[in-house]
Amino acid sequence: MSSIGNLFARTALLWALALPTIGSAGPTAIVIHGGAGTIQRANMSAEVEAQYRQTLTTAVSAGHQVLVRGGKSQDAVIAAILVMEDSPLFNAARGAVLTNQGEAELDASIMLGENLNAGAVTGVKRVRNPILLAERVMLASPHVMLMGAGAEAFAETQQLALVDNAYFHTERRRRQLQQAIAKENGVAIIEPSSDSHERRKYSTVGAVALDQQGNLAAGTSTGGMTNKRFGRIGDSPIIGAGTYADNRACGISATGHGEYFIRAAVAYDICARVRYQGVTLEAAANAVVHGTLLDMGGDGGVIGLDPNGEVVYAFNTTGMYRASIDTSGKLDVGIFR
Ligand code: ASP
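Conventions used here
Position numbers for residues start from 1 in each chain and track the written sequence from start to end. Owing to the predicted nature of the model, reporting of local features is limited to residues with pLDDT of at least 70; listing and counting of side-chain atom pairs is limited to 80 or more, with chain, interface and lining totals taken over all residues. Think of the side-chain values as coming from all heavy atoms in the structure, minus any hydrogens and water. Put simply, DSSP marks the helices as runs of H or I at least four residues long and the strands as runs of E at least two long, and each gets a number from the N terminus on. Type-normalised accessible area, obtained with a 1.4 Å probe on protein chains alone, sets the label of each residue: buried when under 20%, exposed when over 50%, and partly exposed for intermediate values. Here, two residues are considered to be in contact whenever any of their heavy atoms come within 4.5 Å of each other. Per-residue accessibility takes into account occlusion by the displayed protein chains alone, with areas from the Shrake-Rupley method and a 1.4 Å probe. Consider each residue's heavy atoms; a residue with any of them within 4 Å of a molecule or strand counts as near. For the purposes of these results, a polar contact is taken to be a pair of N or O atoms within 3.5 Å, where, inside protein, one atom must be able to donate a hydrogen and its partner to accept one; residues adjacent in sequence count only when each atom of the pair is a side-chain atom. All residues other than Ala, Val, Leu, Ile, Met, Phe, Trp, Tyr, Cys, Pro, Asp, Glu, Lys and Arg, Gly among them, are scored as polar; the first ten of these are nonpolar and the last four charged. Pairing between strands is defined by DSSP: at least two bridges between the two strands are required. Note on definitions: angles span 0 to 180 degrees between N-to-C directions of axes, and those axes are lines fitted to C-alpha atoms, for helices only across the stretch in contact. Here the expected length of a helix is defined as 1.5 Å per residue gap, with one fewer gap than residues. The bend reported for a residue corresponds to the angle between axes fitted to the seven residues ending at that residue and the seven starting there. For our purposes a nonpolar core is just a set of buried Ala, Val, Leu, Ile, Met, Phe, Trp, Tyr and Cys residues, chained together by side-chain atoms within 4.5 Å. Salt bridges, as used here, are contacts in which a Lys or Arg side-chain nitrogen is within 4 Å of a carboxyl oxygen on Asp or Glu. Pairing of aromatic side chains requires ring centres within 6.5 Å, counting the rings of Phe and Tyr and the six-membered ring of Trp. Pairs whose planes differ by under 30 degrees are stacked, by over 60 edge-to-face, and all others tilted.

This part is about the overall build of the chain. A count of helical and extended segments in the chain gives nine helices and 13 strands. Scored against the burial criterion, the 337 residues of the chain give a buried share of 54%. Here the analysis covers contacts within the chain between residues at least 6 apart in sequence; of these, 69% occur between residues at least 24 apart. As displayed, the chain has an accessible area near 14300 Å², and 55% of this comes from carbon and sulfur atoms.

The next thing to look at is the site of the ligand. Thr204, Arg232, Asp235, Thr255 and Gly256 are the nearest of the 13 residues found near the ligand. Contacts to the ligand include Gly258, whose backbone N or O atom sits 3.0 Å from an oxygen atom. Alone, the ligand offers 270 Å² of accessible surface; in the complex the protein occludes 100% of this. Here the shell around the ligand is built from residues that sort into two nonpolar, nine polar and two charged.

Below, the discussion takes up the sheet that holds strand 11 (residues 311-315). In spatial order, the strands read 8-9-10-11; together these four strands make up an open sheet with antiparallel pairing. On the outer flanks of this sheet lie strand 8 (243-246) and strand 11, each paired with one strand and no other. Between one strand axis and the next, the sheet turns by 10 degrees as a mean value, whatever way the strands run. Two strands pair when backbone bridges link them, and strand 10 (residues 300-305) and strand 11 are joined in this way by five bridges, in the antiparallel orientation. Pairing of Leu305 across the sheet is with Val311, part of strand 11.

Along its 16 residues, helix 9 (residues 281-296) runs 21 Å from first to last C-alpha, staying within 8% of the 22 Å computed at 1.5 Å per residue. Within helix 9, the axis deviates most sharply at Val288, by approximately 30 degrees. Residues of helix 9 that are buried in the fold lie against strand 9 (250-256), helix 7 (258-263), helix 8 (266-277), strand 10 and strand 11. Directly after helix 9, the chain includes Gly297, whose backbone phi takes a positive value near 95 degrees.

Turning our attention to the environment of Glu184. Along the chain, Glu184 falls in helix 6 (residues 171-184). The sequence separation of Glu184 and Asn227 amounts to 43 residues, and the corresponding C-alpha distance is 9.8 Å. Discounting chain neighbours no more than four positions away, the residues touching Glu184 are Asn227 and Arg229.

Moving on to the pairing of strand 7 (residues 216-222). The buried count for strand 7 comes to seven of seven residues, which makes it a mostly enclosed element. Going residue by residue along strand 7, you find Leu216, Ala218, Thr220 and Thr222 tucked away on one face and Ala217, Gly219 and Ser221 tucked away on the opposite face as well. Relative to strand 7, strand 2 (residues 106-112) runs antiparallel, the two being bridged by six bridges. Among the inter-strand pairings, Leu112 is bridged to a residue of strand 7, identified as Ala217. Bridge count for strand 6 (residues 205-210) against strand 7 is six bridges, and the pairing is antiparallel.

This part covers unusual backbone geometry. One non-glycine residue, Asn227, adopts positive backbone phi at about 70 degrees. You can see Asn227 is positioned in the loop between strand 7 and strand 8. Phi at Ala265 is positive, roughly 40 degrees, even though this residue is not glycine. Looking at Ala265, the relative accessible area reads 29%, which means it is partly exposed.

With that out of the way, let us pick up the nonpolar core. In this structure, Ile30, Ile32, Leu56, Phe90, Leu133 and Tyr321 are the most contacted members of the largest nonpolar core, which totals 55 residues. Dropping the residues within four chain positions of it, Phe90 is found in contact with Gly34, Tyr52, Thr55, Leu56, Met84, Gly95, Ala96, Arg172, Arg173, Ser203, Val205 and Tyr321. Grouped together as the second largest cluster of nonpolar side chains are 36 residues, Ile252, Cys271, Val302 and Phe315 included.

Moving on to the pattern of salt bridges. Within the structure shown, the criterion is met by 10 salt bridges. Its salt-bridge partner being Glu49, residue Arg41 comes within 3.6 Å of it at the nearest N-O pair. Classification of Glu49 by relative accessible area gives buried; the value is 13%. Across the pair Arg273 and Asp269 runs a salt bridge, and its minimum N-O distance is 3.3 Å. Of this pair, Arg273 and Asp269 both sit in helix 8, four residues apart, which is roughly one turn of that helix. In this structure Arg273 comes out as partly exposed when scored by relative accessible area, which is 21%. Overlapping salt bridges, with partners in common, bring together Arg41, Glu49 and Arg53 in one network.

A word on the packing of aromatic side chains. One pass over the structure, following the stated rule, counts five aromatic pairs. Relative to Phe90, the ring of Tyr52 has its centre 5.5 Å away and its plane inclined at 80 degrees; by these criteria the two rings are edge-to-face. Remark: Phe90 occurs in the loop between helix 3 (73-85) and strand 2 and Tyr52 occurs in helix 2 (residues 46-68); sequence separation between them is 38 residues. Exposure class is identical for Tyr52 and Phe90. Each is buried.

Structure follows, in structure tokens:
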């Protein structure tokens, strides 16, 4: 064979060897939420709506970029959540709701569908990005969940950015706290029109991603509920309630009235239905969100992905801030029902 022919044969052989690798890169998908609740178009200005849509698009695109470059689903989840944690629009990190004492107390969790590894933190007050701490708990500690001051001490050992609690406070959340306390005391307060789209809204953030290796990951981050006290913890940092991922079934992140989501083990129940009943993720999510939860009186919603990257949103409220980029690369951003 001539040297050119030789070169051609070798190139063809290399291509043949490379093809299975290229061919094995599976589809990717990502879905995010920024909370569910009584969100109505009539009560939201075009300007506020545009801000939410813009930030949701930035967040979902940040996660998708990680996936198309061959990155891991856990990194995609974190990239998307970081955008929302750093935005004052959502109830997570900067912009978190305030406790009865006027502080931000933050919760976050992350789980990997590949090996059921998980990390969570609750009641942290100084960690700038709680989702990064949840990831460190999963990767660099033998534990699943750390709380309060201990979690913050661990954050220091991981060189994570710490901030003063005031960094998380926004004027809007201060007003919401005042209103909640006044309501508790039977005092009616006229809410400013700029807040009227916020009535009974849970604006926790979350993301679920599927990477080219076929691994699912899910994460959630929140400030919990306005006017919470006595160290109240919701569903968001609880694996199985607010977050769950299992490659054999699905990845889920939830938002809503946490007490109900804990009691119904929402995220796990949805994945268990997929795994043991063999129903679709959509059927499982609808059964839990529109059946179990509604029967109990729990409002909220979930986002999810199945192992093929099928995107699911289910919410029993009038709206849920949400966005996805599906396996065909199509972007979808939604707020209202
Ligand atoms: N699920 C959160 C909690 O109960 C609240 C939310 O979704 O905004 O803490």
